[in-house]
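Working through the structure, step by step
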Amino acid sequence: EHTITRENRHNGLWRTCKYLGSLLDTKCDIQRRKILAIEASKLLEDIWKSNLTIKLKMKIFDCLVRSIYMYNSCLWTVTVTMEKQIDAFQRKLLRIAINIRYPKIIKNTELIELTKQTP
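Residues numbered from 1 in each chain as written. Predicted model: local features only at pLDDT ≥ 70, side-chain atom pairs only at ≥ 80, totals over all residues. Heavy atoms only, no water.

**Section: the packing of helix H1 (residues 26-43) against helix H3 (residues 54-69)**
Between H1 and H3, whose axes approach to 7 Å, the crossing angle comes to 165 degrees. Between H1 and H3, the crossing angle belongs to the class labelled roughly antiparallel. For H1 against H3, the interelement crossing comes out right-handed. Along its contact with H1, which presents Ile-30, Arg-33, Lys-34, Leu-36, Ala-37, Ala-40 and Ser-41, the element H3 presents Leu-64, Val-65, Ile-68 and Tyr-69. Here the contact of H1 with H3 is composed, by residue class, of eight nonpolar, one polar and two charged. (Axes fitted to C-alpha atoms, helices over the stretch in contact; angles between N-to-C directions. Helix = DSSP H or I, 4+ residues; strand = E, 2+ residues; numbered from the N terminus. Parallel < 35°, antiparallel > 145°, perpendicular 65-115°, else oblique. Left-handed = near helix turned anticlockwise from the far one by under 90°. Contact = heavy atoms within 4.5 Å. Nonpolar A, V, L, I, M, F, W, Y, C, P; charged D, E, K, R; others polar.)

**A closer look at the packing of aromatic side chains**
Within this structure, the stated rule accounts for one aromatic pair. When the ring of Tyr-69 is compared with that of Phe-89, the centres are 4.9 Å apart and the planes differ by 55 degrees; the resulting orientation is tilted. With a gap of 20 residues between them, Tyr-69 in helix H3 and Phe-89 in helix H4 (residues 80-97) connect regions that are remote in the sequence. (Phe/Tyr/Trp six-rings, centres within 6.5 Å; stacked < 30°, edge-to-face > 60°.)

**Quick word on the pattern of salt bridges**
In this structure the tally under the stated criterion is three salt bridges. Residue Asp-62 pairs with Arg-66 through a salt bridge whose shortest N-O separation is 3.7 Å. Of this pair, Asp-62 and Arg-66 both sit in helix H3, separated by four residues, roughly a single helical turn. Classification of Asp-62 by relative accessible area gives partly exposed; the value is 32%. (Salt bridge = Lys/Arg side-chain N within 4 Å of Asp/Glu carboxyl O. Buried < 20%, exposed > 50% of the residue type's maximum accessible area, 1.4 Å probe, protein only.)

**Quick notes on the nonpolar core**
Counting 22 residues, the largest nonpolar core has Trp-48, Phe-61, Val-65, Tyr-69 and Leu-93 as the members making the most contacts within it. For this core, the secondary-structure elements that each account for two or more residues are H1, H3 and H4. Broken down by element, this core gets its largest block of residues, seven residues, from H4. Here Val-65 is in contact with Ala-37, Ser-41, Leu-44, Trp-48, Ile-60 and Leu-93, once residues within four sequence places are set aside. (Core = buried A, V, L, I, M, F, W, Y, C linked by side-chain atoms within 4.5 Å.)

**As for H3**
An ideal rise of 1.5 Å per residue puts 22 Å on 16 residues; H3 reaches only 20 Å between its terminal C-alpha atoms. Along its length, H3 shows its largest kink, about 45 degrees, at Asp-62. Those residues of H3 lying buried are Lys-57, Met-58, Ile-60, Phe-61, Val-65 and Tyr-69. Considering only its buried residues, H3 is in contact with H1, helix H2 (45-48), H4 and helix H5 (108-115). (Expected span 1.5 Å × (residues − 1). Bend = angle between axes of the 7 residues up to and from the residue.)

Take a look at the structure:
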């Protein structure tokens, strides 16, 4: 249990405090969510490489990967730069989900259109 007061708010211990499964520090929580989402995505590698339709893969993606990454994101305080990083990571996850890997190339706009996801 952590109690944040004016006197101890600068010691940084509050950054490690979890509230409903989320860290209080936005940057730390986003980084943690990225790790969890990548781990979940790796567990689904057989599905991503299968011949399932993109529509079905996106339903699986939304339920099992996006939900992990975006959990409690409404509590995040993000800057424009952080928002761009979040969108870039989402596109990375989408490329993994539809099995687009180097040397295959797809533009970001085509990716969003193909997967029917919103940034």
